[in-house]
Amino acid sequence: MFVYADNAATTKTSKTAIDAMLPFFDKIYGNPSSLHEVGQIAKEELEKARETVAKCFNAEAREIYFTSGGSEADNQAILTAVKMGERKNKKHIVSTKFEHHAVLHTLQKLEKQGIEVTYVDVNKNGVVKVEDIASAIREDTCLVTVMFANNEIGTIQPIKEIGAICKKRKVIFHTDAVQAAGHINIDVVDMNIDMLSISGHKFHGPKGVGALYARKGIFLTNLIEGGAQERGKRAGTENLPAIVGMAAALKEAVDNIDKHAKYVSALRDKLIRELSKIPHSVVNGDLVNRVPNNVNMCFEGIEGESLLLMLDMEGISASSGSACTSGSLDPSHVLLAIGLPHEVAHGSLRLSLSAENTEEEIDHIIKTVPEVVNYLRKMSPVWDELCKGELNHVI
């Protein structure tokens, strides 16, 4: 049996998205910037897609800018806030220690350029405290950037409360919502969000396309110079097929969000309940306050890479954390941020589901993971030392 359980890395493009895209390869193929009829038809479809995306977040169409994905949107949001802050001599940013690397690496680059960043801790359940964010904000803070849902352990952050504090303190608030969009209801007005990043391939849209929501009144700093596309804020001919596909996938996800959340969370809870029976294992992240499709666990005495390879041989596609760091031998910065020691963080497993997963597939995972963990432990000298009492169990 084949089981795809790595939907946090990428999702299968839905039939709805594919069907929406197909006409834009050979029928509606004009450049939206062209003045002739073919181009203006394409322009009209581009704006329909923009309106669709905006409605999914209770935003206005003019507040949506299409990008190549979440990473570009994160970069543009952060650099925009810094540029706006410089005009008022504000050179301080507040974030958390377990953001996606698209945020963390951008912040680290800015630190080398004289920007000061406060990285707030998260608690052992993987949730940042609102009061810690509030305490970190200073008179010279130009931006607070906190992810909506963590990409590895799936924990949902108190976005509305953080947004309210930022609004009161007159600080721009950005959230990386790549793992939340299409899975959690998001209202940028109600949640006091100034900028928000999404990526199409996380909710069954195509890869290579995303969007940045920027509240009116925020003047974006360009990352790419050239033409006047995206109201002059993102040069380059728009990838119309991908944009239309993303909009269709997002609408479908939002329209079915409650139904899918109920179904997928039941599968998630079954996985957590059964896999937690494995001795010396731990579930990472809050058991309730997490996205419906995420299961993240650590198993003491094994290496995550070996676990993934053996699961793959059994037809189960999973991951040990972010796909963006799959080539790294270092333990997850997210798991270290919630207090797990290095030796435990190395043995992590992330299973991320979708509404296409079945009960039979979940049962296959429940049967296979304990078998693989037991097999690997029998070969592990560390596990042998733990069993002999030469080392102390951490879990």
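Heads up: the structure comes first, above all this text.
Reading the values: rules and limits
- Residues numbered from 1 in each chain as written.
- Predicted model: local features only at pLDDT ≥ 70, side-chain atom pairs only at ≥ 80, totals over all residues.
- Heavy atoms only, no water.
- Core = buried A, V, L, I, M, F, W, Y, C linked by side-chain atoms within 4.5 Å.
- Buried < 20%, exposed > 50% of the residue type's maximum accessible area, 1.4 Å probe, protein only.
- Helix = DSSP H or I, 4+ residues; strand = E, 2+ residues; numbered from the N terminus.
- Salt bridge = Lys/Arg side-chain N within 4 Å of Asp/Glu carboxyl O.
- Pairing = 2+ DSSP bridges.
- Axes fitted to C-alpha atoms, helices over the stretch in contact; angles between N-to-C directions.

1. Comments concerning the nonpolar core
- Membership of the largest hydrophobic core comes to 66 residues, with the highest contact counts inside it found for Phe57, Val144, Phe148, Ile186, Ile193 and Ile198.
- Among the elements that make up this core, the one with the highest residue count is helix 8 (residues 240–255) (nine residues).

2. Notes on the pattern of salt bridges
- According to the stated counting rule, one finds 27 salt bridges in the structure shown.
- Between Glu116 and Arg138 there is a salt bridge; the shortest N-O distance is 2.9 Å. With Glu116 in strand 4 (residues 116–120) and Arg138 in the loop between helix 6 (130–136) and strand 5 (141–145), this residue pair connects regions lying 22 residues apart in the sequence.
- Of the residues examined, Arg138 reaches a relative accessible area of 31% and is grouped as partly exposed.
- Notably, a salt bridge pairs Arg138 with Asp140, separated by 2.9 Å at the nearest N-O pair.
- A cluster of three or more residues bridged by salt bridges with shared partners is formed by Lys43, Glu47, Arg50 and Glu230.

3. Some words on unusual backbone geometry
- Phi is positive for Asn58, which is not a glycine, with a value near 60 degrees.
- Take Asn58: it is sitting in the loop between helix 3 (37–56) and strand 2 (64–67).
- A relative accessible area of 43% means that Asn58 is categorised as partly exposed.
- If you check the backbone angles, Arg231 has positive phi at about 55 degrees while not being a glycine.
- Structurally, Arg231 can be placed in the loop between strand 8 (210–214) and helix 8.
- For Arg231, a relative accessible area of 39% translates into the label partly exposed.

4. A few points about the sheet that holds strand 12 (residues 348–352)
- Ordered by their spatial adjacency, three strands build an open sheet running 9-10-12, and the pairing between neighbours is antiparallel. Of all the strands in the sheet, just strand 9 (281–283) and strand 12 have a single pairing partner and so form its edges. Adjacent strand axes in the sheet meet at a mean angle of 20 degrees when their direction is disregarded.
- Across three bridges, strand 9 lies against strand 10 (residues 294–299) in antiparallel orientation. Each bridged residue has a counterpart across the sheet, and for Val282 the counterpart in strand 10 is Cys298.

5. Here's the deal with the sheet that holds strand 6 (residues 172–176)
- If you trace the seven strands from one edge of the open sheet to the other, you get 2-8-7-6-5-3-4, paired in mixed fashion. With one partner strand each, in any of the chains shown, strand 2 and strand 4 form the two edges of the open sheet. Going across the sheet, the axis of each strand differs from the next one's by a mean of 20 degrees, ignoring polarity.
- Pairing analysis gives four bridges linking strand 2 to strand 8, with the strands arranged antiparallel.

No statement about biological role is implied by the geometric values presented.
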